[in-house]
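Reading the structure
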Amino acid sequence: MKISKVCILGGSGFVGRNLISKLVSKGIQSLVLTRSPPQHKDLQVLPGVQLLAANIFDTKTIVPHLAGCDAFINLVGILNEGSNKQGFKQAHVALVDAVIKACRTAGISRLLHMSALNANQDQGPSRYLFTKGEGENLAHKPSHPHINVTSFCPSVIFGANDSFFNRFADLLTLAPIPFPLACPDTRFAPIYVGDVADAFIHTLTHHDTFGRRFNLCGPRVFTLEALVNYTAQQLGLKRKIVRLNDRASRLQAEILGRMPGQPFSIDNYLSLQVDSVCQHNDLLDLGIAPTDINDIVPLYLGLTQRQQRLSRWRQGG
Ligand SMILES: NC(=O)c1ccc[n+]([C@@H]2O[C@H](COP(=O)([O-])OP(=O)(O)OC[C@H]3O[C@@H](n4cnc5c(N)ncnc54)[C@H](OP(=O)(O)O)[C@@H]3O)[C@@H](O)[C@H]2O)c1
């Protein structure tokens, strides 16, 4: 299967940008449908990348743009709904329905779909994980046999401009006081964004990945507390971490969930009730050796935004 051009939803985000730079290096063109092209116009300077404003939920408006696309990649996801109580359903389920209709109408037979580790339509502990599971199942539903779907369920993803290490770095820097940490024992296997992008690129053309769902993890498992301590260490900061018990963790989520931007919400707290680790790391099945945090995180933590961009380009993704 030859892929010359892909249509990407969510291509302007953290994972999308890393994936696009790999697609560029493979000579694959990207059509990025976005809510706001001016906000992401830096992407347009990359060879073969086209940005178009589109209501991605409206199949009729996106189908005419899909001429010449060989595959569809859906990376859209949100961590909080804000005031839109249907936000998760829209972004994680209704959008998948629109994507499948668009693929069907435009005759696109390859779809890569981004889900999340622990996404589960039956037992998802949070609305984020429940709706991610529902969307993933919808993508793999046998009702559209002509669309070959592969989905990806990563643990937390790191890399320059991530919103995990960078967020903790900001919080630790801004608050020179004991740091109250919710759910400190939840375990993660952080995966490098470059490895996630490689997994997408590999599966694009490999028929043996059609219909598969890949759990993606990094090489090591850490508690959240260990990762926050690691972040402080990288920044050269001495911060006492105050481990919040379950009740205090929930209370923190209730309070921060009411603040603008919802830095931590009840739904986030519920997602943290399950460890984000792989029973089996499917990244290895794809022939990709997972990158350790030590090889990447020290290169960007503590750098300015501009330095982060440079570092990202130097890392080749
Ligand atoms: N980052 C992680 O640690 C992690 C871990 C597991 C799974 N994932 C999944 O991986 C995917 C990509 O994550 P990311 O970190 O790259 O996310 P991101 O940086 O927030 O980017 C997501 C993109 O989706 C689009 N988007 C966001 N909200 C939308 C909405 N309500 N309606 C339509 N479009 C919307 C935005 O594109 P425009 O602004 O251009 O429209 C945005 O650039 C998501 O599905 C996420 O759930 C991420």
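Higher on the page you've got the structure.
Reference entry: report on the structure contained in this document. Just so it is clear, the model here is predicted, and its values are computed rather than measured. (Residues numbered from 1 in each chain as written. Predicted model: local features only at pLDDT ≥ 70, side-chain atom pairs only at ≥ 80, totals over all residues.)

**Topic: the overall build of the chain**
- What the chain contains, in helices and strands, is 12 helices and 13 strands.
- Since a compact globule built from 317 residues should have a radius of gyration of about 20 Å, the 19 Å found for the chain is in line with a globular shape.
- Here the C-alpha coordinates of the chain stretch approximately 55 × 40 × 40 Å along the principal axes.
- Burial analysis of the chain (317 residues in total) assigns 46% to the buried set.
- Nonlocal contacts in the chain, meaning residues at least 24 apart in sequence, comprise 75% of its contacts between residues at least 6 apart. (Helix = DSSP H or I, 4+ residues; strand = E, 2+ residues; numbered from the N terminus. Rg over C-alpha atoms; globule rule 2.2 N^0.38 Å. Buried ≥ 20, exposed ≤ 12 C-beta atoms within 10 Å, placed from the backbone. Contact = placed C-beta atoms within 7 Å.)

**Remarks on the site of the ligand**
- Within the structure, the ligand sits among 22 residues, and Gly-10, Ser-12, Gly-13, Thr-34 and Gly-77 are positioned closest to it.
- Examining the composition of the shell around the ligand, we find that 3 residues originate from one element, helix H1 (residues 14–25), more than from any other.
- Classifying every residue of the shell around the ligand gives 13 nonpolar, 8 polar and 1 charged. (Near = placed C-beta within 6 Å. Nonpolar A, V, L, I, M, F, W, Y, C, P; charged D, E, K, R; others polar.)

**Considering the environment of Leu-111**
- Following the sequence through the fold, Leu-111 ends up in strand E5 (residues 110–114).
- The sequence separation of Leu-111 and Phe-210 amounts to 99 residues, and the corresponding C-alpha distance is 9.1 Å.
- Not counting chain neighbours up to four residues away, the residues in contact with Leu-111 comprise Phe-72, Val-99, Cys-103, Ala-139, Ile-147 and Val-149.

**Overview of the pairing of strand E2 (residues 29–34)**
- Of all 6 residues in E2, 5 are buried, a share of seventy percent or more.
- For strand E1 (residues 5–9) and E2, the ladder comprises 5 bridges, and the chain directions are parallel. Looking across to E2, one finds that Val-6 is bridged to Ser-30.
- Following the backbone out of E1, through H1 and into the adjacent parallel E2, one traces a crossover that is right-handed.
- Here 5 bridges tie E2 to strand E3 (residues 49–53), and the two strands are oriented parallel to one another. Residue Val-32 lies in a different strand from E3, and its bridge partner there is Leu-51. (Pairing = 2+ DSSP bridges. Right-handed = clockwise from strand over helix to strand, strands pointing away.)

**Description of the nonpolar core**
- Counting 90 residues, the largest nonpolar core has Phe-72, Val-99, Phe-158, Val-196, Phe-200 and Leu-216 as the members making the most contacts within it.
- Here the element with the most residues in this core is helix H3 (residues 87–106); it accounts for 10 residues.
- Apart from the residues lying within four places of it in its own chain, the contact partners of Leu-216 are Phe-152, Cys-153, Pro-154, Ile-191, Val-196, Ala-199, Asp-282 and Leu-283. (Core = buried A, V, L, I, M, F, W, Y, C linked by C-beta atoms within 7 Å.)

**A look at unusual backbone geometry**
- Non-glycine residue Asn-118 carries a positive phi angle of around 75°.
- With respect to the helices and strands, Asn-118 occurs in the loop between E5 and helix H4 (127–139).
- If you check the backbone angles, Gln-262 has positive phi at about 40° while not being a glycine.
- Here Gln-262 is to be found in the loop between helix H8 (246–256) and helix H9 (266–271).

**With respect to the environment of His-207**
- Among the secondary structure elements, His-207 is positioned in the loop between helix H6 (193–205) and strand E11 (213–216).
- On the basis of neighbour count, His-207 is assigned to the exposed category, with 9 C-beta atoms found within 10 Å.
- Along the primary structure His-207 and Asn-148 are separated by 59 residues, whereas in three dimensions their C-alpha atoms are 8.7 Å apart.

**Let's talk about the sheet that holds E3**
- On the basis of which strands lie adjacent, the open sheet formed by 7 strands has the order E3-E2-E1-E4-E5-E6-E11 and parallel pairing. A single partner strand is all that each edge strand has here, and the edge strands are E3 and E11. Taking each pair of neighbouring strands and ignoring which way they run, the sheet shows an average axis angle of 20°.
- Relative to E11, strand E6 (residues 148–154) is paired through 4 bridges, and the arrangement is parallel. Counted as the bridge partner of Cys-153 is Asn-215 from E11.
- Most of the contacts of H3 go to strand E4 (residues 71–74), to which it runs at about 175°, and overall it touches E1, E4 and E5. (Axes fitted to C-alpha atoms, helices over the stretch in contact; angles between N-to-C directions.)

**Remarks on the environment of Asp-275**
- Summarising the element assignment, Asp-275 is placed in the loop between H9 and helix H10 (282–285).
- When the 17 C-beta atoms within 10 Å are taken as the criterion, Asp-275 is described as partly exposed.
- Between the alpha carbons of Asp-275 and Gly-107 there is a distance of 39 Å; along the sequence they are 168 residues apart.

**Quick word on the pairing of E6**
- Among the 7 residues that make up E6, 7 are buried, leaving the element largely enclosed by the rest of the structure.
- Relative to E6, E5 is paired through 5 bridges, and the arrangement is parallel. The residue of E6 that forms the bridge with Arg-110 is Asn-148.

These figures capture arrangement, not role.
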